[in-house]
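# Structural description and commentary
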Amino acid sequence: MLSVRDLTVSLGPATAPVDIVAGVSFELAKGEILGLVGESGCGKSMTSLAVMGLLPQPGPQIRAGRVLLEGSDVTQLQPWQRVEAGHGRMAMIFQEPMTSLNPVRRIGDQIAEAVRVHDRVSDAPATARARELLELVRMPDPAMQLSAYPHQLSGGQRQRIMIAIALACRPQVLIADEPTTALDVTIQVQVLGLLRELCNRLDMAMLFITHDMGVIAQLADRVSVMYAGRIVETADVAALFGRPRHHYTRGLMDCMPSRNFGARRLPTIAGQPPAPGTVGAGCVFASRCPAVREPCRTADPPRAEVSRGHEVLCAFPLDDGGPR
Ligand SMILES: Nc1ncnc2c1ncn2[C@@H]1O[C@H](COP(=O)(O)OP(=O)(O)OP(=O)(O)O)[C@@H](O)[C@H]1O
């Protein structure tokens, strides 16, 4: 459904670009959920905005690579140009629904507006579809919610409204950028359950961005781990959590509270990721890697398929990361 190949997003002039996303590739099949996980600043949001055609302007630019939606190259098209050209549909939801919802317009009007734009229908069918969308995202009493204002809803309900608006274009691919981070844990579980159900029911693919390994474990089918603008490991969720092969992935797992029950202090990965523009030759993780060897500091690591569907960007991957 979606194929991203060698995507590179850069800041600065073309003569001296600073890469904030460097050669990112992934594939997303119908109905599949791919988790994109990594610490703050590693380039998750820039990757998703580049895929959507929504990079902030002026600012970062796609310098290389391709975004293929059902085989059509949409790399340089704005979202509305994609729809007009019949290149399929993608939608995105963000962390804080209040920054996307208009506080002085009723929920029904905001959903119906999205329906009118995409389906080119008049007010009555748009409102009927808005109600259907509220039912689809399992809002209680949809008829009444149509006339509510955003401030009358809880955080979880507002995120359901954003999902309803995103579904108005009948997306083949939904990109969710930390949509549950601001919600408390019980509501988070409900919204994650809803997203999973919608992917199954609508055969919709989802790229789910988070810094939370626990959320990935609950929700995703496959996971890509990102570090300093690169995808360093991709695998099925079971393979990645059961047998991580990149030293960074192992480090992230070692930091998970659920794996350190009762510990007085959580382990950390010493050091900081390199700032964009300071990346030199060799592996980007070399300065923090507990297993670094001399070649890692000078030669770019190879991308190897260590088992079927399990890729790792490392010259000396872990081979003993069995179940822990
Ligand atoms: N509009 C912008 N202009 C210039 N640089 C930016 C812009 N937005 C982000 N960056 C930089 O690009 C890099 C990647 O940022 P990005 O927001 O994609 O990271 P992230 O992994 O999504 O982090 P977070 O989880 O904190 O959102 C960072 O170094 C960030 O400082």
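Note that this is a predicted model, so its numbers are computed, not measured. (Residues numbered from 1 in each chain as written. Predicted model: local features only at pLDDT ≥ 70, side-chain atom pairs only at ≥ 80, totals over all residues.)

Inspection of the secondary structure assignment puts Val24 in strand β2 (residues 18-28). Between the C-alpha atoms of Val24 and His211, which are 187 residues apart in sequence, the distance is 17 Å. The contact partners of Val24, leaving out residues within four places of it in the chain, are Val4, Leu7, Thr47 and Ile231. (Helix = DSSP H or I, 4+ residues; strand = E, 2+ residues; numbered from the N terminus. Contact = placed C-beta atoms within 7 Å.)

To continue, consider the pairing of strand β8 (residues 205-210). Of all 6 residues that make up β8, 6 are buried, and the element is covered over most of its length. Burial of the side chains of β8 extends over both faces: Ala205, Leu207 and Ile209 are buried on one face and Met206, Phe208 and Thr210 on the other. Judged from the 5 bridges that link them, strand β3 (residues 33-37) and β8 form a sheet pairing that is parallel. Of the residues in β8, the one forming a bridge with Leu36 is Ile209. Relative to β8, strand β7 (residues 173-177) is paired through 5 bridges, and the arrangement is parallel. By the bridge assignment for β8, Asp177 is matched with Ile209. Chirality of the crossover, the property in question, places the unit of β7, helix α7 (residues 185-202) and β8 among those that are right-handed. (Buried ≥ 20, exposed ≤ 12 C-beta atoms within 10 Å, placed from the backbone. Pairing = 2+ DSSP bridges. Right-handed = clockwise from strand over helix to strand, strands pointing away.)

Domain boundaries in the protein chain define domain 1 (2-89 + 171-313) and domain 2 (100-170). At the interface, 10 residues of domain 1 touch 11 residues of domain 2. No other element matches the 4 residues that α7 contributes to the side of domain 1 that touches domain 2. Taken together, the residues of the side of domain 1 that touches domain 2 sort by class into 8 nonpolar, 1 polar and 1 charged. (Domains from an automatic or database assignment. Nonpolar A, V, L, I, M, F, W, Y, C, P; charged D, E, K, R; others polar.)

Let us now look at the sheet that holds strand β4 (residues 61-69). Judged by pairing direction, the sheet is antiparallel, and its 4 strands sit side by side in the order β2-β1-β4-β5 without closing on themselves. Strand pairing shows two members of the sheet lacking a second neighbour, β2 and β5 (72-73), which therefore form its edges. Sheet topology places strand β1 (residues 2-11) next to β4; 7 bridges connect them, and they run antiparallel. Within the sheet, the bridge partner assigned to Ser3 lies in β4 and is Leu68.

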